[in-house]
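Residue strings, one per chain:
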Amino acid sequence: RPPEEFSVHTSGNMVPRRPKTMLTLISLTTNQSARTRKWKLKTKQKIILEGHPISKYFENKKTAEEKFGFNLYQGGIVPGNTVRVVNIEGVDVEACCGTHADNTNEVGWVKIFKATRISDGVLRLYYMAGKKVMKHLNEETTIINKLKDLWGIKEDEIVPTANRFFNDYKKF
């Protein structure tokens, strides 16, 4: 069940010259709890893996607005009299001309790797999806294993050990 303050609006497209790396804008107010943000991300991953069909079609702008309202323009107003509707059936609908899968489960796992504040209450989230996530997770695992071996510790001791090293270094 979502936290009471749950409210998310998304828009996005493929970032040019950064293959398989996606960009999305998500409205998160600064007073939303970490629990809420975590719930939103888990919910998005769940929706992706549920395999919702994604339909893409052109429609008269006025007809689309009557059907879906102005939430259709989460990514901004589209010029002209026709819009390309991207409908993640039962989840979300938006006017968008970007590249899209035919089903949410084609996206695979999603991992957020950076967030920047672009305006009051709006974060730009950079994330990767699919096979690129698995490659990234394997690289992270390699780093974790190297740290464990280098420092002669268990995985759950990495952060406290790194903090101790850093604090000891600051004393000099």
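Conventions and cut-offs
Residues numbered from 1 in each chain as written. Predicted model: local features only at pLDDT ≥ 70, side-chain atom pairs only at ≥ 80, totals over all residues. Heavy atoms only, no water. Salt bridge = Lys/Arg side-chain N within 4 Å of Asp/Glu carboxyl O. Helix = DSSP H or I, 4+ residues; strand = E, 2+ residues; numbered from the N terminus. Buried < 20%, exposed > 50% of the residue type's maximum accessible area, 1.4 Å probe, protein only. Pairing = 2+ DSSP bridges. Axes fitted to C-alpha atoms, helices over the stretch in contact; angles between N-to-C directions. Contact = heavy atoms within 4.5 Å.

Caption draft 1: Representation of the pattern of salt bridges within the structure. This model, assessed by the stated rule, comprises six salt bridges. Measuring nitrogen to oxygen at the nearest pair gives 3.6 Å for the salt bridge that ties E140 to K111. Of this pair, E140 sits in helix α3 (residues 131–151) while K111 sits in strand β6 (residues 110–119), and the two are 29 residues apart along the sequence. Classification of E140 as partly exposed rests on a relative accessible area of 29%. Two residues, K135 and E139, come together in a salt bridge whose shortest N-O distance is 3.2 Å. Residue K135 and its partner E139 are located together in helix α3, separated by four residues, close to a single helical turn.

Caption draft 2: Region of the structure containing the sheet that holds strand β5 (residues 92–95). In space, the three strands of this open sheet follow the order β3-β4-β5, with antiparallel pairing throughout. Looking at the sheet topology across the chains shown, the edges are occupied by β3 (54–60) and β5. Averaged over all neighbouring strand pairs, the angle between strand axes comes to 25 degrees, with direction disregarded. Sheet topology places β3 next to strand β4 (residues 82–88); seven bridges connect them, and they run antiparallel. Within the sheet, the bridge partner assigned to N60 lies in β4 and is T82. Along the sheet, helix α2 (residues 61–68) contacts β3, β4 and β5; its crossing angle with β3, the most-contacted strand, is approximately 125 degrees.

Caption draft 3: Local environment of the environment of A101. With respect to the helices, strands and loops of the structure, A101 is situated in the loop between β5 and β6. With 48 residues separating them along the chain, A101 and P53 place their C-alpha atoms 8.9 Å apart. Apart from the residues lying within four places of it in its own chain, the contact partners of A101 are I54, K56 and E106.

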